[in-house]
Amino acid sequence: MNNKFKFIENPGDHISDIKDYLFRILSNWKWFLVTIPVALAIAYYFNISAEKIYGLSNTIEVKEKSNPLFSSGTNIAFNWGGVSDQVESIRKALTSRSHNENVVKELEFYIDYLKDGRFRKEDVYGATPFKIKLQPNQYQLLNTLIKIDFIDNSTFNLSVDFDSEKTVKLINYKDQSTKNYTVNNLNFSQSFSSDEYINLPFLKGQISVLEKNDDLKGQTYYIQLNSVDQVTGKYQNIRATGLAGTSLIELSLTGANKNRLVDFLNKTVEVLAEVELEQKTNYARSTKEFIDAQFKNTSDSLKLIETNIEQFKQQNSIYDLSAQGGEIFSQTTGLDKMQKELSDRIAYFNNLENYIKTHKNYAKIPAPAIINIEDASIAEMVGNLTKLSIKNEKLSKEVTSNHPSLKLANQEIETARNVLLENLASLKEVTKVTLNNSLKRLNSYTYELNKLPNKEQKLLNFQRKYSLTESNFVFLMQKRYEADIAIAASVSDISMLDSAKDMGQGFILPRVSFNYMIALLLGIILPLFVIIAKEILDTRIHTAEDIERVSPIPILGIVGSNSAVNNLAVFLKPKSTVAESFRALRSNIQFLFVRKSKEKSKTVIVTSSVSGEGKTFVSINMATVFALGGKKTILVGLDLRKPKIFGDFELTNENGVVNFLIDEESIENIIQKTDIPNLDVITSGPIPPNPSELLISSATDELIGYLKENYDYIILDTPPIGLVSDAIELLKYADSTIYVVRQGYSQKGMLRMINEKYKKEEISNLSIVLNDFKIKSKYGYGYGYGYGYGYGAYGKYSNGYHENDKKTFLGKFLKRKK
């Protein structure tokens, strides 16, 4: 027989390995039967216990709007301050902390309305039969539950359980200040009526029961007051998404209470629209304030001049101007108006220049709407500087001072500021020249005026002042009217296109189907990982395939699990599958003997790696099966350190191999007869102090030589080859060596030493027997008892030949059916 091991690459082997691995995984179906329902149960509990989260949205339009009834020359708001926010700026504003803080304050979302739920206290905002109104500018209890137990529809009991806290915090919502309050009564409780003023050291306000409520008796609610900053942080996760290619923004928000979501989404648009409109009409308002102040002064001046003229006429008995005086009056009145207009223009230029030089925020530049400025570029520059300033102010709230966009905005403002100042200086010089020319023309009329009588001169001066003041008064009235109309007619650039509304939308979290799917996957994957890890870390031999993977030594056969009362399985149960497997081994081992030795006595050595692998069991039954086959057989116990075989045959171990080796007894005296025909036994004898030395002595050669002459088969039960060297010394006597491996007991690494000896051809006719084999679905059905040479445990022809084997429930059931 050629002992060299050859590796053959066969794709079918790989497929078989995969199938075998799948069988091993599927054999652990009980694990999956446990983990999958458990995982699904956990998912079910999570789905019913997790807080339901809803998602709502609304859509707004951002588009610059102007009133078509007014032109840019008359509509103050759009001429000087009509700056519309862009979509990106609106998106940033909607997610800013300051804006959301204003919305939270408007809606009083810092007040939580709660009710006991199945798993937690649920937010019942918008569904409570009452509402609390806090007294402004008073300190209120912070972050502590206030329990409301309704006695009837008009009275309730208010209680607070402070637990063990001696000191609690109070908050004043007007300025967000807090202070500590020392609790005197840890369990406060007091009854109040609806709308009754609650005046407690830690709570001041009123609880109003809403109309049209059902019977409230016995119902319990909770109120909790939170800080504005704490609540604002929850709503800054609002998403403002610009719709590509449009001026539309979609706002979306998630939360546990749909009423809160609806109110917040709609109120945030309302608040932002108000702020945007206020900024948009900012210049119209500042213009109106300026006009109102000037209008009052002009009105007072006009009344005073009118009174002075009446008094002068009565005192000097002069009631009208002469023809020459009327001519002079008509000429000088026009020049007076021009001088007034030019003087006002220069004064505005000085005021505007001073404002720009002394201020850094140009959002409130003095409005020039009441001044007729011929150069339209000034108005355009003022509007541009205003627009840049508003943009910079909003940007500074959203980014840090070192942000590139803010630095760029500051540079744009500085450039626009310098250009405006240069134009103002140039225009101011031109206006001064025009004013000087008008003064020269007026001086020429002063000479003519001096020719008139003194009384008429004074009356003419009074009327000139009155006419100038009156024209200014009419002009201011017109501008104030325009400013009022501009403010009233202005509309916000932000409008609601689709408001948020509760239309019965289902919750978005938890995702029920997704959670079940994840649970199912985890229920499969987790035990799968455990099974794979167990298989990877398992170093024991379970199947003949395992042996083939780690050893080139051929497999002689497979022996099943012994169900007999002792190791005499073949003798006690000759029709059992175990007995049949040993008969298969008897047939298979014949192929290992060389032709020359077939007619001579054959010596079979049985060994293993370690104790406990069934070496003695295989030795006894191999000897038995040869003896029952009519061959004169002797079983020799050469495991001098741990003798065993005598007990199964009910023999004594007083005299044995050791006694002969030390020359105490002859060979004939140590041979013992058994109840099994043709089978004799030599036990080990007393345990010697030097077993190795005894086995390598010449007496061992004499013993084996004698046995070969008198027996057909000699079965040597040797010590484990992996523990002591005794068995190695005895291999020279072997015609065939059986190496026993036990299923689920022997380690794969134990075969390394015997593999090396086999590859080096130090051992001849070596083969492996897989012992204590139990058929399990996870190890496949590749071999069966007898390694395919016998009938097998579940072979086609085994029925009726095997008895006393353990039958599975399935086997019994199928047999009963048949």
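One structure accompanies this document, and this report is about it.

**Side note on the pattern of salt bridges**
Item 1. What the rule picks out here adds up to 23 salt bridges.
Item 2. The residue Asp717 makes a salt bridge to Lys615 at a minimum N-O spacing of 3.1 Å. With Asp717 in strand S22 (residues 713–717) and Lys615 in helix H17 (residues 615–628), this pair connects stretches of sequence that are 102 residues apart. Here Asp717 and Lys615 have matching classes, each one buried.
Item 3. The salt bridge involving Asp772 is made with Lys774; its shortest N-O contact spans 3.4 Å.
Item 4. Overall, Asp772 belongs to the buried group, its relative accessible area being 11%.
Item 5. Through salt bridges with shared partners, a single ionic network connects Arg97, Glu101 and Lys105.

**Some thoughts on the sheet that holds strand S8 (residues 167–172)**
Note: strands within a sheet are paired through backbone hydrogen bonds, in either parallel or antiparallel orientation.
Item 1. Pairing in this open sheet of three strands is antiparallel, and the strands run S5-S8-S9 from one edge to the other. Each edge of the open sheet carries a strand with a single partner, namely strand S5 (139–141) and strand S9 (177–182). Sheet twist, expressed as the average angle between the axes of neighbouring strands with direction ignored, equals 40°.

**Overview of the pairing of strand S12 (residues 203–209)**
Along any regular strand the residues' side chains alternate between the sheet's two faces.
Item 1. In terms of burial, S12 is a largely internal element, five of the seven residues being buried.
Item 2. Across five bridges, strand S4 (residues 130–134) lies against S12 in antiparallel orientation. In the sheet register, Lys133 faces S12, and the bridge partner there is Gln206.
Item 3. Between strand S11 (residues 197–200) and S12, which pair antiparallel and follow one another directly, the connecting turn spans two residues.

**Side note on the packing of helix H2 (residues 29–49) against helix H13 (residues 512–537)**
Item 1. For the pair H2 and H13, the least separation of the axes is 8 Å and the interaxial angle reads 150°. When the axis of H2 is compared with that of H13, the two are roughly antiparallel. In this structure, H2 meets H13 at a crossing whose hand is right-handed. Note on element contacts: H13 touches H2 through Val512, Asn515, Tyr516, Ala519, Leu520, Gly523, Ile524, Pro527, Leu528, Val530 and Ile531, opposite Trp31, Phe32, Thr35, Ile36, Ala39, Leu40, Ala43, Tyr44, Phe46 and Asn47.
Item 2. Grouping the amino acids of the contact of H2 with H13 by side-chain chemistry returns 17 nonpolar, four polar and no charged.

**What to know about the sheet that holds strand S19 (residues 633–637)**
Item 1. In spatial order, the strands read S17-S24-S23-S18-S22-S19-S21-S20; together these eight strands make up an open sheet with mixed pairing. Each end of this open sheet is capped by a strand with a single partner; those strands are strand S17 (555–560) and strand S20 (672–673).
Item 2. In this fold helix H16 (residues 577–589) packs onto S17, strand S18 (602–608), strand S23 (736–742) and strand S24 (766–773), with an angle of close to 170° to the strand it touches most, S17.
Item 3. Contacts between helix H21 (residues 698–710) and the sheet are confined to S18, S19, strand S21 (679–682) and S22, with S22 contributing the most and set at about 145° to the helix.

**Description of the packing of aromatic side chains**
Item 1. The final tally for this structure, using the stated rule, is 19 aromatic pairs.
Item 2. Ring geometry for Phe109 versus Tyr235: centroids 5.6 Å apart, planes at 40°, classification tilted. Here Phe109 is found in the loop between helix H5 (97–107) and strand S2 (111–116), whereas its partner Tyr235 is found in helix H6 (residues 228–235), with 126 residues between them in sequence.
Item 3. You can call Phe109 buried: its relative accessible area is 1%.
Item 4. Between Tyr348 and Phe349 the ring centres are 6.3 Å apart and the planes differ by 55°, which places this aromatic pair in the tilted class. A single burial state applies to Tyr348 and to Phe349, both of which are buried.

**Some thoughts on unusual backbone geometry**
Item 1. At the junction of Leu509 and Pro510, the peptide bond is cis and its omega measures out at -5° in the coordinates.
Item 2. Looking at where Pro510 falls in the secondary structure, it is placed in the loop between strand S16 (494–498) and H13.
Item 3. Positive phi values are uncommon outside glycine, yet Asn137 reaches one of about 60°.
Item 4. Of note, Asn137 is situated in the loop between S4 and S5.
Item 5. Assessed through its relative accessible area of 42%, Asn137 is described here as partly exposed.
Item 6. One non-glycine residue, Glu650, lies in positive phi territory at about 55°.
Item 7. Its place among the elements puts Glu650 in the loop between S19 and helix H18 (657–661).
Item 8. Residue classification places Glu650 among the exposed positions, given a relative accessible area of 73%.

**Some thoughts on the side chain of Gln672**
Item 1. Tracing the backbone shows Gln672 in strand S20.
Item 2. Judged by its relative accessible area of 17%, Gln672 is buried.
Item 3. Among the polar contacts made by the side chain of Gln672, one reaches the main-chain carbonyl oxygen of Thr652 at a distance of 3.1 Å.
Item 4. Setting aside chain neighbours within four positions, we find Gln672 in contact with Leu651, Thr652, Asn655, Asp680, Val681 and Thr683.

**Remarks on the environment of Thr469**
Item 1. For Thr469, the position within the fold is in helix H12 (residues 454–489).
Item 2. Here Thr469 falls in the buried class, since its relative accessible area comes to 14%.
Item 3. When the C-alpha atoms of Thr469 and Lys303 are compared, they prove to be 9.7 Å apart, with 166 residues separating the residues in sequence.

**Considerations on a nonpolar patch on the surface**
Item 1. Nonpolar side chains collect at one region of the surface, where Phe514, Met517, Ile518, Leu520, Leu521, Leu522, Ile524, Ile525, Leu526 and Phe529 lie side by side and expose about 840 Å² of accessible area between them.
Item 2. Inspection of the secondary structure assignment puts Leu526 in helix H13.
Item 3. Note on Leu526: relative accessible area 49%, which makes it partly exposed.

What counts and how
Residues numbered from 1 in each chain as written. Predicted model: local features only at pLDDT ≥ 70, side-chain atom pairs only at ≥ 80, totals over all residues. Heavy atoms only, no water. Salt bridge = Lys/Arg side-chain N within 4 Å of Asp/Glu carboxyl O. Helix = DSSP H or I, 4+ residues; strand = E, 2+ residues; numbered from the N terminus. Buried < 20%, exposed > 50% of the residue type's maximum accessible area, 1.4 Å probe, protein only. Pairing = 2+ DSSP bridges. Axes fitted to C-alpha atoms, helices over the stretch in contact; angles between N-to-C directions. Parallel < 35°, antiparallel > 145°, perpendicular 65-115°, else oblique. Left-handed = near helix turned anticlockwise from the far one by under 90°. Contact = heavy atoms within 4.5 Å. Nonpolar A, V, L, I, M, F, W, Y, C, P; charged D, E, K, R; others polar. Phe/Tyr/Trp six-rings, centres within 6.5 Å; stacked < 30°, edge-to-face > 60°. Polar contact = N/O pair within 3.5 Å; in protein donor to acceptor, adjacent residues only side chain to side chain. Patch = residues over 30% accessible without salt bridge, like charges linked within 9 Å, V, L, I, M, F, W, Y side chains within 5 Å. Areas by Shrake-Rupley, 256 points an atom, 1.4 Å probe, with all protein chains shown as cover.

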